[in-house]
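Structural overview for review
The primary structure of each chain is shown beneath.
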Amino acid sequence: MTRSARVVLLGTAGGSPYWANSSRAGNAAAVVVGDRYYLVDAGREVVRQLMAAGLGDHTSDTGGPLDALRAVFLTHLHSDHVVDLNNVLSVGLHNGLPRADRPLPVFGPGSRRRLPPLFGDRPAPPVTAPANPTPGTAEMVDLMVRTFAADYNDRAFDGGSPTPGELFRGVDVPIPARYIADPDGDPHPRMRPVQFHEDDRVRVRATLVQHAPMFPALAYRFDTDAGSVVFSGDTGPSDNLAELARGADVLVHEVVDTGWVDQLLPHPRTAGQEALFRHLVTAHTAVEQVASVARAAEVGTLVLSPLIPGNWPRERWQRGRGDFTGQFLVGEDLMVVDVAAKRR
Ligand SMILES: [Zn+2]
C-alpha cells in the first residue's frame, strides 16, 4: 500500500527579523509520509508549529510531537533557518524525542571553511570565534550540546534521561569535495544532485544552490511512493535547482519582493548602495522570476515559501503565478499540500 505524503508549511517568513504585524513563524516545513515526518529547517517556533499542525503525539504533554520525527534537513546555516534547532534537540527531550527513531540524524551543509569575503569599502570587523568561525552542521550540533551541557548532564544523571549522543547526531551532507573546495571561486558550481539518505519512506537528494556568500547552501528533493517534493532553500535562480526539481510534483520555493529591497535602499543610490542592492537580490529569487523556474522544471504545484519580507500582504505575492499553469499557492503557516494531488 502506498503511504500518503503531504507537506505541511510550519513557518513561511523568510529573513531573520521578527516582522512587524506578522504572525508568520520562521522557516520550517514538514514532509509527512504516513505516520512519520521529516523536518526541513528549524526556524523560530518550529516545535510550537509542529504541535499546532497536529503532527506526532500532540495530545499529551510529553509524548510528542517529536516522537514521529525521522530526520532533520537544514538547507543552510542562516539563523532564520536553524535558530530553533536547539529547541528541537534540548526541549525535545521532553517533547517526544526519546520516542523518535534515534539517534535522530540532523543533516545540513558542512563548513564553508573560510570567512566570507569582506563586502564593500570598509575595514574588516573582528572575527567571531576565530578558532572556528564557520562551523558546519555536525560541528554546530556538537557546539549546541556543549552550550547546554549543564542541562543534559543534570537530566541524565539526576533523571535518567537519554544522553545527546543517544538522541541525535549532526551529519554534514556529503557534497563531493571538488564542488566545495573554493567557496569564493564559484559559489554555485554546476553539479548533479547527490543522494545521501534513504529509508523505507523517502529517498533524499541534495544540490548546491546560489545563496552566496553563504555556502554551502542546499536544496533538497524528497521522493516518496506517493510523489516528490523539492525545497529550494534560500537561492537565486539556479540551474542546479532546476535539475533537482525537474518533474517534481511539488516545488516549495523562496521568493523576495525586490520592492522591499528598494525600500531599504531608496534611489538615488550611491555605487556602494547599488552594489549592496545587487548583492541582496542575487542571493534570492525575485517574485517575478519564480514562475519561470517552476515552468522550466515542469513541476505540478508551485508553493511560495518562505516569503521575504515576512509581513507583506498575500496579494503582493499573487503575481508570482506569472505564466505558470500548474497549481499555484502562496504559502501560509500550517498550509497542507498533498504531494500527489496535482500529478499530471
Ligand atoms: Zn539565507
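Residues numbered from 1 in each chain as written. Predicted model: local features only at pLDDT ≥ 70, side-chain atom pairs only at ≥ 80, totals over all residues. Heavy atoms only, no water.

Remarks on the overall build of the protein
The following threshold applies: Here a helix means four or more residues in a row that DSSP labels H or I, a strand means two or more in a row labelled E, and each is numbered from the N terminus. Both definitions apply: the radius of gyration is a C-alpha atom measure, and the globule rule equals 2.2 Å times residues to the power 0.38. Throughout this description, buried means an accessible area under 20% of the type-specific maximum (1.4 Å probe, protein chains only), exposed means over 50%, and partly exposed covers the range between. Here, residues are in contact when the closest pair of their heavy atoms is within 4.5 Å. All accessible areas in this document rest on Shrake-Rupley with a 1.4 Å probe, and a residue is counted as covered only by the protein chains that are shown. His is not counted, nor are the chain ends; Lys and Arg add positive charge and Asp and Glu add negative charge. The atoms used to mark charge sites are NZ of Lys, CZ of Arg, CG of Asp and CD of Glu.
Along the protein, the regular secondary structure elements total 12 helices and 14 strands. Since a compact globule built from 344 residues should have a radius of gyration of about 20 Å, the 20 Å found for the protein is in line with a globular shape. Based on the C-alpha atoms only, the size of the protein along its principal axes is roughly 60 × 50 × 45 Å. The 344 residues of the protein split such that 54% are buried. Across the protein, contacts joining residues at least 24 apart in sequence account for 68% of those joining residues at least 6 apart. Here the protein displays about 14900 Å² of accessible surface, and carbon together with sulfur accounts for 52% of that area. With 34 positive and 40 negative side-chain charges, the protein shows a separation of 4 Å between the mean positions of the two kinds.

Here we look at the coordination of the zinc ion
Convention followed: Here the term donor refers to an N, O or S atom within 2.8 Å of the metal (or 3.2 Å for Na, K and Ca), and because water is left out of the atoms, sites may appear incomplete. Every geometry call rests on angle ranges, with four donors termed tetrahedral when all angles are between 85 and 135 degrees, four termed square planar and six termed octahedral when opposite donors are over 155 degrees apart and all others are between 65 and 115, and everything else termed irregular.
Donor atoms from the polypeptide that bind the zinc ion are His76 (NE2), His78 (ND1), His211 (NE2) and Asp234 (OD), placed at 2.2 to 2.3 Å. One can describe the site at the zinc ion as irregular: its 4 donor atoms subtend angles covering 89 to 167° at the metal. In primary sequence terms, the donor set of the zinc ion follows H-x1-H-x132-H-x22-D. With His211 in the loop between β8 (203–208) and β9 (218–223) and Asp234 in the loop between β10 (228–231) and α8 (239–245), this pair connects stretches of sequence that are 23 residues apart. Here His211 and Asp234 have matching classes, each one buried.

Digging into helix α11 (residues 290–297)
Short version of the rule: Working note: the arc is built from the helix axis to C-beta atom directions.
Listing the buried residues of α11 in full gives Val290, Ala291, Val293, Ala294 and Ala297. Across the axial projection of α11, the buried residues extend over an arc of 160°, all falling on one side. Where α11 is buried, its residues contact α8, β11 (250–256) and β12 (301–308). Directly after α11, the chain includes Glu298, whose backbone phi takes a positive value near 55°.

As for the sheet that holds strand β2 (residues 28–33)
As a general point, the strands of a sheet are linked pairwise by backbone hydrogen bonds and lie either parallel or antiparallel. Definition in use: Strand pairing is defined by DSSP finding a minimum of two bridges between the two strands. Note on method: axes are straight lines fitted to C-alpha atoms, helices fitted across the in-contact stretch only, with angles between N-to-C directions ranging 0 to 180 degrees.
Pairing is mixed across the open sheet formed by 7 strands, whose spatial order is β6-β5-β4-β3-β2-β1-β14. The outermost strands of the open sheet, each flanked by one partner alone, are β6 (168–172) and β14 (336–338). Each neighbouring strand pair of the sheet contributes to a mean axis angle of 20°, computed without reference to strand direction. Along the sheet face, helix α4 (residues 137–147) touches β5 (104–108) and β6 and points at about 150° away from the line of β6.

Remarks on unusual backbone geometry
A cis geometry characterises the amide bond from Phe215 onward to Pro216, with omega recorded as -10°. Turning to its location among the elements, Pro216 is positioned in the loop between β8 and β9. Although it is not a glycine, Glu45 adopts a positive phi angle of roughly 75°. Inspection of the secondary structure assignment puts Glu45 in the loop between β3 (36–40) and α1 (46–52). Of note, the phi angle at Arg113 is positive, near 70°, even though the residue is not glycine.

A few points about the pattern of salt bridges
Selection criterion: Definition used for salt bridges: Asp or Glu carboxyl oxygen within 4 Å of a side-chain nitrogen of Lys or Arg.
Taken as a whole, this structure holds 30 salt bridges when the rule is applied. Between Arg192 and Glu243 there is a salt bridge, and its shortest N-O distance comes to 2.6 Å. Here Arg192, found in the loop between α7 (177–180) and β7 (194–198), pairs with Glu243, found in helix α8; they are 51 residues apart in sequence, far enough to count as distant. Where salt bridges share partners, they join Arg3, Asp35, Arg36, Arg70, Asp101, Asp199, Asp200 and Arg201 into one cluster.

Thoughts on the sheet that holds β11
Pairing in this open sheet of 7 strands is mixed, and the strands run β7-β8-β9-β10-β11-β12-β13 from one edge to the other. Edge positions in the sheet fall to β7 and β13 (327–330), since each has one partner strand and no second. Averaged over all neighbouring strand pairs, the angle between strand axes comes to 20°, with direction disregarded. Packed onto the sheet, α11 meets β11 and β12 and runs at close to 160° relative to β11.

Quick word on the nonpolar core
What counts here: We call a set of buried residues a nonpolar core when its members are Ala, Val, Leu, Ile, Met, Phe, Trp, Tyr or Cys and they connect through side-chain atoms within 4.5 Å of each other.
If you look at the biggest cluster of nonpolar residues, it comprises 36 residues, and the most contacted ones within it are Phe73, Tyr220, Phe222, Val229 and Phe231. Those residues within four positions of Phe231 in sequence are excluded, and the remaining contacts are Val7, Ala29, Val31, Val40, Ala219, Tyr220, Phe222 and Val252.

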